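Read off the chains here:
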Amino acid sequence: MSKWEKNVRKVVPYTPGEQPKIKNIIKLNTNENPYPPAPGVLDALKKIDIDSLKLYPDPSAQNLVDALAEFYGLRSNQVFVGVGSDDVLAMLFLTFFNSEKPILFPDITYSFYDVWADMLRIPYEVQPLDENLHMKKEDYYKENGGVIFPNPNAPTGVLQELSDIEDIVKHNQDVIVIIDEAYIDFGGKSALSLIEKYDNVVIVQTFSKSRSMAGMRIGYAMANEKLIKYLNDVKYSFNSYTMNTTAIALGVPAVKDREYFEKTVRKVITTRERVKKELKELGFVFEDSMSNFLFVTHKELSMEKLFMDLRKEGIIVRHFDKPERIREYLRITIGTDEQMDTLIGFLKQYL
Ligand code: PMP
């Protein structure tokens, strides 16, 4: 082994869901939105001046920050944007999780949290979900270096009540509490109001799901201006130009079109509710989901085998090998009605 090996930051990376190159598949594995972005996004794309790409982008991404502040009724200095919520979350870990005490998050959750914690040498302690895959708020009453969880949780889809979230915040006023609301628009109530009431709460959201723009990579954090200032200080010490010119230009019309956003989200919800009924009739078991995916299991089927058999049919869903507790589950993204009909049709035959 070379001597320099001991100085390498060795990490076990996060494994993103597959982006298969095969054509004509039904892709239900990474919780993307099956509908296109708002029409204004295409108009904005056509209007991009090629010459503008010679220049560095606006490091503050002000137009996008202002559009988001207006949409949520905030001041612009309460909003931070990044390259997808993954970038925003990584910056949050770096900025706010610097205690020697462990940060807390659920045992079954977004599998990037432990990767960032390991990479940044942040101690952590996972808190087991109960047998129905719900968080137990009392688990978060102990001393810690910070708290993070998604609401609704992923990959379970389970939504925690706002009163429970506030309870967790109340018990953790000496640390930063991050609520990852990647899926909140599909029927949950956002905890955004808590940022005015508590100075230690950060809400993170994304354009990847409800705004159909996973490929554009836009995420954002909302918190009181002091936290946003700390976050920007770290960002500017790392990479000033995280948001590119195109992402800033296309993000703005996506935020401004509230009507299209609400319509698209409603369509996904309607499909989800119908699919819930149909899967139940076929014997699938799952906790109620308030996200754009269902986390299902079945007493008579192996989920690993079903995953492979669906794949042979060109239907790609997500199966997790770890933790052990969720090996008998599949996570199925809600696609268009047509895509879901094909899935249900296959499952009927399969059973
Ligand atoms: N949080 C959760 C809970 C997620 O499931 C995802 C999607 N992988 C993200 C954050 C990151 O999404 P993005 O970087 O596309 O905003």
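Values in this document were obtained by computation on a predicted structure and should not be read as measured data.

Draft legend 1. Molecular detail of the overall build of the chain. The secondary structure content of the chain amounts to 11 helices and 12 strands. Taken against the 2.2 N^0.38 rule, which gives 20 Å for 351 residues, the C-alpha radius of gyration of the chain at 21 Å falls within 12% of a compact globule. Across its three principal directions, the C-alpha atoms of the chain cover 55 × 55 × 50 Å. For the chain, the share of sequence-separated contacts (at least 6 apart) that also reach a separation of at least 24 residues comes to 72%. With the model as given, the accessible surface of the chain reaches about 17000 Å², and the carbon-plus-sulfur share is 52%.

Draft legend 2. Inspection of the site of the ligand at higher detail. Taken together, 14 residues surround the ligand, and among them Ser 85, Asp 180, Tyr 183, Thr 206 and Ser 208 come closest. At a separation of 2.6 Å, an oxygen atom of the ligand approaches a polar side-chain atom of Tyr 183. Within the side chain of Ser 208, one N or O atom sits 2.6 Å away from an oxygen atom of the ligand. Within the complex, 91% of the 400 Å² of free accessible area of the ligand lies under protein. Counting residues per element, the shell around the ligand draws most heavily on helix H3 (residues 84–96), which supplies 4 residues. Grouping the constituent residues of the shell around the ligand by class yields 6 nonpolar, 4 polar and 4 charged.

Draft legend 3. Representation of the sheet that holds strand S9 (residues 284–285) in the model. Strand order across the open sheet formed by 3 strands is S9-S10-S12, with antiparallel pairing between neighbours. The strands lining the two open edges of the sheet, one partner per strand, are S9 and strand S12 (330–333). Pairing geometry for S9 and strand S10 (residues 293–298), over 2 bridges, is antiparallel. Within S10, the position partnered with Phe 284 by the bridge is His 298. Most of the contacts of helix H9 (residues 258–281) go to S10, to which it runs at about 0 degrees, and overall it touches S9 and S10.

Draft legend 4. Just empty space enclosed by the protein, in detail. What the rule picks out here adds up to 1 cavity of 30 Å³ or more. Here the largest cavity defines a volume of roughly 60 Å³. Lining the largest cavity are Pro 36, Pro 37, Ala 38, Ser 210, Arg 211, Ser 212, Ala 254, Asp 257, Tyr 260, Phe 261 and Thr 264. Broken down by element, the residue count for the lining of the largest cavity peaks at 3 residues, all from H9. Grouping the constituent residues of the lining of the largest cavity by class yields 6 nonpolar, 3 polar and 2 charged.

Draft legend 5. Just the pattern of salt bridges, in detail. One pass over the structure, following the stated rule, counts 25 salt bridges. Glu 18 is the salt-bridge partner of Arg 311, the closest N and O atoms lying 2.7 Å from each other. Placement of Arg 311 in helix H10 (residues 303–312) and of Glu 18 in the segment before strand S1 (26–27) is noted, with a sequence separation of 293 residues between them. Take Arg 311: its relative accessible area is 30%, and that puts it in the partly exposed class. Close ionic contact of Arg 327 with Glu 304 constitutes a salt bridge, the shortest N to O distance being 3.8 Å. Placement of the pair is Arg 327 in the loop between strand S11 (315–316) and S12 and Glu 304 in helix H10, with a sequence separation of 23 residues.

Draft legend 6. Representation of the domain arrangement of the chain within the structure. Partitioning the chain into structural domains gives domain 1 (16–36 + 259–350) and domain 2 (39–256). Its C-alpha centre places domain 1 at a distance of 25 Å from the equivalent point of domain 2. Listed by partner, the interface residues are 27 residues for domain 1 and 29 residues for domain 2. Between domain 1 and domain 2, the buried area comes to about 2200 Å², and carbon and sulfur atoms account for 62% of it. Broken down residue by residue, the surface that domain 1 buries against domain 2 is led by Phe 261, Met 290 and Arg 325, which jointly contribute 30%.

Draft legend 7. Focus on the pairing of strand S7 (residues 201–206). Of all 6 residues that make up S7, 6 are buried, and the element is covered over most of its length. Burial along S7 is two-sided: Val 201, Ile 203 and Gln 205 facing one way and Val 202, Val 204 and Thr 206 facing the other are all buried. Here strand S6 (residues 177–180) runs beside S7; their pairing, made up of 4 bridges, is parallel. Its bridge partner lying in S7, Ile 178 is registered against Val 202. Relative to strand S8 (residues 219–222), S7 runs antiparallel, the two sharing 4 bridges. Residue pairing for S8: Gln 205 is matched across the bridge by Tyr 220.

Draft legend 8. Layout of the packing of helix H1 (residues 39–46) against helix H8 (residues 245–256). It is at 7 Å that the axes of H1 and H8 come closest, and there the two elements cross at 150 degrees. Handedness of the H1/H8 crossing: right-handed. Across from Gly 40, Val 41, Ala 44 and Leu 45 in H1, the residues of H8 making contact are Thr 246, Ala 249, Leu 250, Pro 253 and Ala 254. Of the residues that constitute the contact of H1 with H8, the class distribution is 7 nonpolar, 2 polar and no charged.

The rules behind the values
- Residues numbered from 1 in each chain as written.
- Predicted model: local features only at pLDDT ≥ 70, side-chain atom pairs only at ≥ 80, totals over all residues.
- Heavy atoms only, no water.
- Helix = DSSP H or I, 4+ residues; strand = E, 2+ residues; numbered from the N terminus.
- Rg over C-alpha atoms; globule rule 2.2 N^0.38 Å.
- Contact = heavy atoms within 4.5 Å.
- Areas by Shrake-Rupley, 256 points an atom, 1.4 Å probe, with all protein chains shown as cover.
- Near = heavy atom within 4 Å.
- Polar contact = N/O pair within 3.5 Å; in protein donor to acceptor, adjacent residues only side chain to side chain.
- Nonpolar A, V, L, I, M, F, W, Y, C, P; charged D, E, K, R; others polar.
- Pairing = 2+ DSSP bridges.
- Axes fitted to C-alpha atoms, helices over the stretch in contact; angles between N-to-C directions.
- 1 Å grid on protein atoms, 1.4 Å probe; cavity = no way out; pocket = protein on both sides within 12 Å on 5 of 7 lines; lining within 4 Å.
- Points joined across faces, edges and corners; volume = space filled by probe spheres on them.
- Salt bridge = Lys/Arg side-chain N within 4 Å of Asp/Glu carboxyl O.
- Buried < 20%, exposed > 50% of the residue type's maximum accessible area, 1.4 Å probe, protein only.
- Domains from an automatic or database assignment.
- Buried area = accessible area lost by both parts, 1.4 Å probe.
- Left-handed = near helix turned anticlockwise from the far one by under 90°.

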